[in-house]
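A closer look at the structure
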Amino acid sequence: MKFSQEELKAAGLIIVFIGVTIFAFINYGYKPLQVKSAELDKEIVVRTDELKQIQDIVANLEIRKSEVRKLREELSYVETRLPKDVNMPELIKTITTLAQENHVVFSTFIPSGPFRKDVYEEIPITLSTKATFHNFGKFLAAIGNLERILTPSGVQLSCLSPTKEDASTISANMVITAFVYKP
């Protein structure tokens, strides 16, 4: 079977047309869709990871809330022990009350200015007291048991002879240091 010249031209044109159509489909239809599909696949992976992180956060939310409550309680306790403000009237009242409760008498009570240290200030208070040895020990123990940090130092004891008017057996000079947090 022989094909005529026109039939061969028509067949050639059809083959060229089919080839151009396939070429155009691959280059302008399939490849861009394949690239877009790969981009969308990558975005799906990224979004899936983000969703997993968010789900983990939500799953641990109650645990985190509990941790925050615990940290706030600890912060409150620390701020009680090491406040940010001096509040000298409250400090004087506290020391005076402890002295009265333990039958310790002040002859001098001299607060000094704050001295800056690393992240805190020290406020020294010089005291001269009279008491029995036992009562003075109870007074120092009461200072040590306060929530706020107060540190007695430089304690100098002298013996006294008790009298009917004054049962004191010692006089004590010391410095009680209060601390204030200063970031």
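Moving on, we get to the pattern of salt bridges. For side chains of opposite charge, pairing can occur when their charged atoms come near one another. Summed over all chains, the structure comprises 7 salt bridges. Between Lys130 and Asp166 there is a salt bridge; the shortest N-O distance is 2.9 Å. One end of the pair, Lys130, is in strand S3 (residues 120-131); the other, Asp166, is in the loop between strand S4 (150-159) and strand S5 (170-181), and 36 residues separate them in sequence. Lys130 gets classed as partly exposed once you look at its relative accessible area, which sits at 33%. Note on Asp166: relative accessible area 26%, which makes it partly exposed. When salt bridges that share partners are traced, they join Glu43, Arg47 and Glu50 into one network.

With that out of the way, let us pick up helix H4 (residues 133-144). Over its 12 residues, H4 runs 17 Å from end to end, which matches the ideal 16 Å to within 8%, given 1.5 Å per residue. Against helix H3 (88-101), strand S1 (105-111), S3, S4 and S5 lie the buried residues of H4.

The next subject is the packing of aromatic side chains. Per the counting criterion, the structure on display carries 4 aromatic pairs. Seen from their ring centres, Tyr120 and Phe179 are 5.7 Å apart, and the 65° between their planes marks the pair as edge-to-face. Of this pair, Tyr120 sits in strand S3 while Phe179 sits in strand S5; the two residues are 59 residues apart in sequence, bridging distant segments of the chain. Residue Phe179 is classed as buried on the basis of its relative accessible area of 15%. Counting every residue linked through ring pairs, the aromatic cluster contains Phe106, Phe109, Phe136 and Phe139.

Scoring rules and cut-offs
- All chains use their own residue numbering, which begins from 1 and follows the written sequence.
- With the structure being a predicted model, the display of local features is reserved for residues of pLDDT at least 70 and the display and counting of side-chain atom pairs for 80 or more, all residues being used for whole-chain, interface and lining totals.
- Calculation of side-chain values draws on the structure's entire complement of heavy atoms; hydrogens and water are dropped beforehand.
- When a carboxyl oxygen of Asp or Glu is within 4 Å of a side-chain nitrogen of Lys or Arg, the pair counts as a salt bridge.
- Runs of H or I in DSSP of at least four residues are treated as helices and runs of E of at least two as strands, each being numbered from the N terminus.
- Think of it in three bands: residues with accessible area under 20% of the maximum for their type are buried, residues over 50% are exposed, and the middle band is partly exposed, with areas taken using a 1.4 Å probe on protein chains only.
- Given a helix with a known number of residues, its expected span is that number minus one, times 1.5 Å.
- Working rule for contacts: check all heavy atoms of both residues, and any pair within 4.5 Å makes them a contact.
- What counts as a ring pair is set by centres within 6.5 Å for rings of Phe, Tyr and Trp (its six-membered ring), and what kind of pair is set by the plane angle: stacked under 30 degrees, edge-to-face over 60, tilted for all other angles.

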